[in-house]
Structure formats: structure tokens, C-alpha cells
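Observations on the model geometry
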Amino acid sequence: MDHFLYRGGALHAEDVPVAEIAAAVGTPFYCYSTATLSRHFRLFDEALEGVDHLVCYAMKAASNQAILKTLAALGAGMDVVSGGEYARARAAGVPGERIVFSGVGKTREEMRQALEGGIRQFNVESEPEMVALNEVALSLGLRAPITLRVNPDVDAKTHAKIATGKSENKFGIPIARAREVYAEAAALKGLEVVGIDVHIGSQLTDLEPFRQAYEKVAELTGMLRADGHDIRRLDLGGGLGIPYTRSNEAPPLPTEYGQLIKDTLGHLGCELEIEPGRLVAGNAGILVSEVIYLKSGEGRDFLILDAAMNDLIRPAMYDAYHDIVPVREPAPGAEQAPYDVVGPVCESGDTFARARMLPPLAAGDLVAFRSAGAYGAVMSSEYNTRPLVPEVLVHEHQFAVIRARPSFDEIINRDTIPEWL
Ligand SMILES: *Cc1c(COP(=O)(O)O)cnc(C)c1O
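Residues numbered from 1 in each chain as written. Predicted model: local features only at pLDDT ≥ 70, side-chain atom pairs only at ≥ 80, totals over all residues. Heavy atoms only, no water.

Along the protein chain, the regular secondary structure elements total 12 helices and 21 strands. In summary, the protein chain has a C-alpha radius of gyration of 23 Å against a globular reference of 22 Å for 421 residues, a match within 12%. C-alpha atoms of the protein chain, sized along the principal axes, occupy 70 × 60 × 40 Å. The buried share among the 421 residues of the protein chain stands at 54%. Excluding contacts between residues fewer than 6 apart, the proportion of contacts in the protein chain whose partners are at least 24 apart in sequence is 69%. For the protein chain, the accessible surface area stands at approximately 17900 Å², while carbon and sulfur atoms represent 52% of it. One finds the centroid of the 40 positive side-chain charges in the protein chain at a distance of 2 Å from the centroid of its 58 negative side-chain charges. (Helix = DSSP H or I, 4+ residues; strand = E, 2+ residues; numbered from the N terminus. Rg over C-alpha atoms; globule rule 2.2 N^0.38 Å. Buried < 20%, exposed > 50% of the residue type's maximum accessible area, 1.4 Å probe, protein only. Contact = heavy atoms within 4.5 Å. Areas by Shrake-Rupley, 256 points an atom, 1.4 Å probe, with all protein chains shown as cover. Lys, Arg positive; Asp, Glu negative; His and termini not counted. Charge placed at Lys NZ, Arg CZ, Asp CG, Glu CD.)

Below, the structure written as C-alpha cells:
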């Protein structure tokens, strides 16, 4: 459920007509709904009610400071994957003890930054990383709290680019070697083992892979405790999928996911962490664009938009489907026709949808890509020197630009000219 609905024939973001924002900000732009963000965060928080837990929002999904502040105010922790994200989380007022640091390639500099600034735990993904973290912590006279990310070798049944829990993926330590690596970790004086971490992929639409992974984690918890490790915290990763189409089979709900977690791991007396990203932000954001031209091709019509693959790369990168809806509500029973929906970038990959059935549209009309809140703005670029699109946050009847569109001069002046030119 989200708060982007037609009212009086016009698409609204909460209480604000989307066309009004377009008039003020220009297109294309991302627009987020505070109520939707908050609702989705709370669904996770409530799904784990009754067990000691922390929901660490995976901020790589959408990391604008205003989004982070909105979630932090609800008690969210943050899952960060870079020094930049760590700095963003701290700048949004999130204390170190609510930040977990994930990622396969943390640098020594990033480790130092988080150790000095305060960190809940590092999710360590390899033995060399473990050795490096130990050295950095000792050099600062500190002990780094860690979990080891185990790779449970389960098939997440999602797009290959976002599956992370199979043995051929680059992530984590093979679960079969976990006891050995935990023993090594326990011998390092700069580390304090606090638990286990697992994350098997993104956009999972079935609970079964989670069940398989969590059952393996439960079993491993018992073995590691028997080996003498104080396993008191389990980080269960993110990955719950969202409905990108309304006709689609509905993915499991956070409540069902929470119940699965309690069933598989609730008896262990551990503090539980989850790291949802997509489900918190995905349906809380839309990308609004204007139709520039309607072009008739051979056997097909092209709807050429002012948004492009640099603004929303998911269709080009993951073959992702996004619902595209007109901002002015189509008349009831309006006839639909197939369009190839494309952007202006000089690549055939700059195609959002092929033969998409849409109601009649004309140049100057506004359309919205739904479910664009996660992995949208954060993955945008300035390819073709198209300025980064602005981000707008709506809260009831108010809206604010939370990232402005840079001017051409700002873009050009980021480059510097060597003295020989
Ligand atoms: C990407 C990622 C997440 C979030 O995944 P979603 O599918 O957005 O919920 C959580 N944890 C880790 C370690 C990740 O890499």
C-alpha cells in the first residue's frame, strides 16, 4: 500500500497534486511519501514485536538525508556499506550504536572511521578482512564488535545480479567453514565476536529461501555456542521483495516474514537485526517525467520521455518492470494502445518498457513510474550531462525539495582544468 492515489482525476502524493510539484520543480524528479516510508518501516518493526530487535534500514536503497532523518525519528538503525553511507547516517543523527557496517570490500580507512565514530558491529565477509579489522582496531586500542557473514548456499530465486546467497557469489564465508573461521576470529584480540550475519539477496518473492537460510543459521548458532562463542546477536539481512506490478502475485508480507523469523530463530534468546531496504523505500517513491514526443515507428509507437536510463537504471540493468501511470487520471474505459517507452539517451538500452499498454498520451503530459523509491535516485548518474534529478519529499499537504537539480554551471565547474591547458 502506498500514498500515491488519484483524487479528483489527478495523481496525488499524499495531499499534494503531483502536477503541482512538477510545475514548481520541473521534470523529471523523484517524489517520496513520508507516510508510505513510515508505514513500511513500522510494518517491519511491528512484525518483530515481542523479541529484542533492531530494524536497520539498508540505506543504499535511498539515502537522502531527509529520508534517513524520517526513519531515524521512528527508531531505525542503519545498515551502511561504505564510509560515505556511514558519514550520511551520522550526519542524519543516527548514533554509532545503531549502525551496522556491511560489504565485501571495507577499506582500512572505512574501518578506522567507523571504529572512531562508534559502530554497533561490522559484518565481516572474509578472513583477510577479519585480519585487517583486527589490526586497525588494535592500532586504535579498541575491540571491534563483529559478526561473520555466512553464505548459506541457498537459491534466493531472484534476478542473478541481486542473488547473494549461493556459494558461487562473492559474499560471505561458506557456512561449512564457519566454525573454523569463528575459531580464528576468537583468537584475534582486536575483535569481539557478537553474532552471525546472513543476507541472501534482494527482491525475494517467496519465504522459502529465507526459511532455509534461517534454519541453517539456527543450527550454526547451536554449534558455535557449543564451541564456546557468545552468539548473542543474529543479523538476518534484507531482501523481502515488493510488488512491482499490481497484477503480480503478491510477495509475502512483513508480518509473515516476521513470523518466519520468530519460528526459526525466536527460541535462541538472541537479539535480532533485519536490514530491509527495498521494501521500506520502494513503493514510497515515484519518478515523474514529461512526454517530449510521440513518435510513430514501424509497427510501433514510441513515447519519448524527458527521463532516461541515467535517472532510473533498473529496467536497463535488471530488466525491471515499473508500472507507468499518467498523472492525469484516464477517463473510465479509455482505450489503451501499446507504446515503447524510451528516454533521450543515445543507447537502445535506454528503454523503460516495450509494447506497454497505456491510455492515450500526448506531448506535454506527465507520467509517473511507480515503485521507484528504492535503487532509483541512488543509482542515477549524469550520463549525457543530464543533471541529477531532484528529489522531493511530501508530508501530508507539504512538499520540499530535498536534493536540488544542479545547474549546468555547477556540473561543469566540478571539473578542473590542468594548468597546461
Ligand atoms: C542490499 C542489502 C540489503 C537490503 O536489501 P533489500 O533487498 O533492499 O531489502 C540488506 N543487507 C545487505 C548486506 C545488503 O547488501
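Turning next to the side chain of Asn310. You can see Asn310 is positioned in the loop between strand S15 (301-305) and helix H11 (314-318). We classify Asn310 as buried; its relative accessible area is 3%. In this structure the side chain of Asn310 is engaged in a polar contact, spanning 3.1 Å, whose partner is the side chain of Asp311. Not counting residues up to four positions away in its chain, the partners in contact with Asn310 are Val345, Met379, Ser380, Ser381, Glu382, Tyr383 and Arg386. (Polar contact = N/O pair within 3.5 Å; in protein donor to acceptor, adjacent residues only side chain to side chain.)

The end-to-end C-alpha separation of helix H2 (residues 34-47) is 20 Å, in line with the 20 Å expected for 14 residues at 1.5 Å each. Buried residues of H2: Thr34, Thr36, Leu37, Ser38, His40, Phe41, Phe44 and Ala47, and no others. (Expected span 1.5 Å × (residues − 1).)

The next point concerns the domain arrangement of the protein chain. According to the domain assignment, the protein chain consists of domain 1 (4-31 + 282-412) and domain 2 (103-274). For domain 1 versus domain 2, the distance between C-alpha centres works out to 36 Å. Together domain 1 and domain 2 conceal approximately 910 Å² of surface at their shared face, both sides included; 48% is due to carbon and sulfur atoms. If you look at where domain 1 meets domain 2, you find zero salt bridges. Inspection of the domain 1/domain 2 interface yields three residue pairs in polar contact (both at pLDDT 80 or more). Among the elements that make up the side of domain 1 that touches domain 2, the one with the highest residue count is H11 (three residues). Split by residue class, the side of domain 1 that touches domain 2 holds five nonpolar, four polar and four charged. (Domains from an automatic or database assignment. Buried area = accessible area lost by both parts, 1.4 Å probe. Salt bridge = Lys/Arg side-chain N within 4 Å of Asp/Glu carboxyl O. Nonpolar A, V, L, I, M, F, W, Y, C, P; charged D, E, K, R; others polar.)

This part takes up the site of the ligand. Surrounding the ligand, one finds 15 residues, the nearest of these being Lys60, Ser202, Glu275, Arg278 and Tyr375. Asp79 places a polar side-chain atom, nitrogen or oxygen, 3.3 Å from a nitrogen atom of the ligand. A distance of 2.3 Å is found between an oxygen atom of the ligand and a side-chain nitrogen or oxygen belonging to Ser202. Taking 390 Å² as the accessible area of the ligand by itself, protein coverage stands at 93%. Looking at the shell around the ligand, its residues break down into three nonpolar, seven polar and five charged. (Near = heavy atom within 4 Å.)

Before going further, it helps to spend a moment on the pairing of strand S4 (residues 29-33). Counting buried positions over the five residues of S4 gives five, a clear majority of the element. Alternating positions in S4 separate into two faces, Phe29, Cys31 and Ser33 on one and Tyr30 and Tyr32 on the other, with burial throughout. The pairing of S4 with strand S14 (residues 285-296) spans four bridges and is antiparallel. Residue Phe29 lies in a different strand from S14, and its bridge partner there is Val288. Strand direction decides the pairing type here: S4 and strand S20 (residues 391-395), joined by four bridges, are parallel. (Pairing = 2+ DSSP bridges.)

The sites that UniProt annotates as "binding site: substrate" (unreviewed entry) are Arg278, Arg314, Tyr318, Glu347 and Tyr375. A stretch of 98 residues holds the annotated residues, and the largest C-alpha distance among them is 27.4 Å, long enough that they do not meet in one place. Among the annotated residues just listed, those that line the largest pocket are Arg278, Tyr318 and Tyr375. Examined against the element boundaries, Arg278 turns out to sit in helix H10 (residues 278-281). Judged by relative accessible area, Arg278 falls into the buried class, the value being 5%. The residues touching Arg278, leaving out its near neighbours within four places in the chain, are Ala61, Ile162, Ser202, Gln203, Ile242, Tyr244, Arg314, Ala374 and Tyr375. (UniProt positions renumbered as here; feature names shortened; annotations may be inferred. 1 Å grid on protein atoms, 1.4 Å probe; cavity = no way out; pocket = protein on both sides within 12 Å on 5 of 7 lines; lining within 4 Å.)

Let us now look at unusual backbone geometry. Cis geometry marks the peptide bond from Thr27 to Pro28; its omega dihedral reads -10°. With a phi close to 55°, Ser371 is a non-glycine residue in the positive phi region. Residue classification places Ser371 among the buried positions, given a relative accessible area of 6%. Positive phi values are uncommon outside glycine, yet Asn384 reaches one of about 70°. Mapping Asn384 onto the fold places it in the loop between strand S19 (366-369) and S20.

Each turn of an α-helix holds 3.6 residues, which means side chains three or four residues apart point in the same direction. All of the buried residues along helix H4 (residues 83-91) are Gly83, Glu85, Tyr86 and Ala89. For H4, the angular spread of buried residues about the axis comes to 160°, placing them on one side. On the buried face of H4, the contacting elements are helix H3 (65-72), strand S6 (77-80), strand S7 (99-101) and helix H5 (108-117). Immediately downstream of H4, the backbone of Gly93 shows phi near 90°, a positive value. (Arc of directions from axis to C-beta.)

Here the focus is the packing of aromatic side chains. Overall, the coordinates contain seven aromatic pairs when judged by the stated rule. Centre to centre, the rings of Phe210 and Tyr214 are 5.8 Å apart; their planes meet at 40°, and the pair counts as tilted. One end of the pair is Phe210 and the other is Tyr214, both in helix H8 (residues 208-226) and four residues apart, which spans about a single turn. Take Phe210 and Tyr214: they sit in the same class, and that class is buried. Ring-pair connections join several aromatic residues into one group, and the members of that group are Phe44, Phe210, Tyr214 and Tyr257. (Phe/Tyr/Trp six-rings, centres within 6.5 Å; stacked < 30°, edge-to-face > 60°.)

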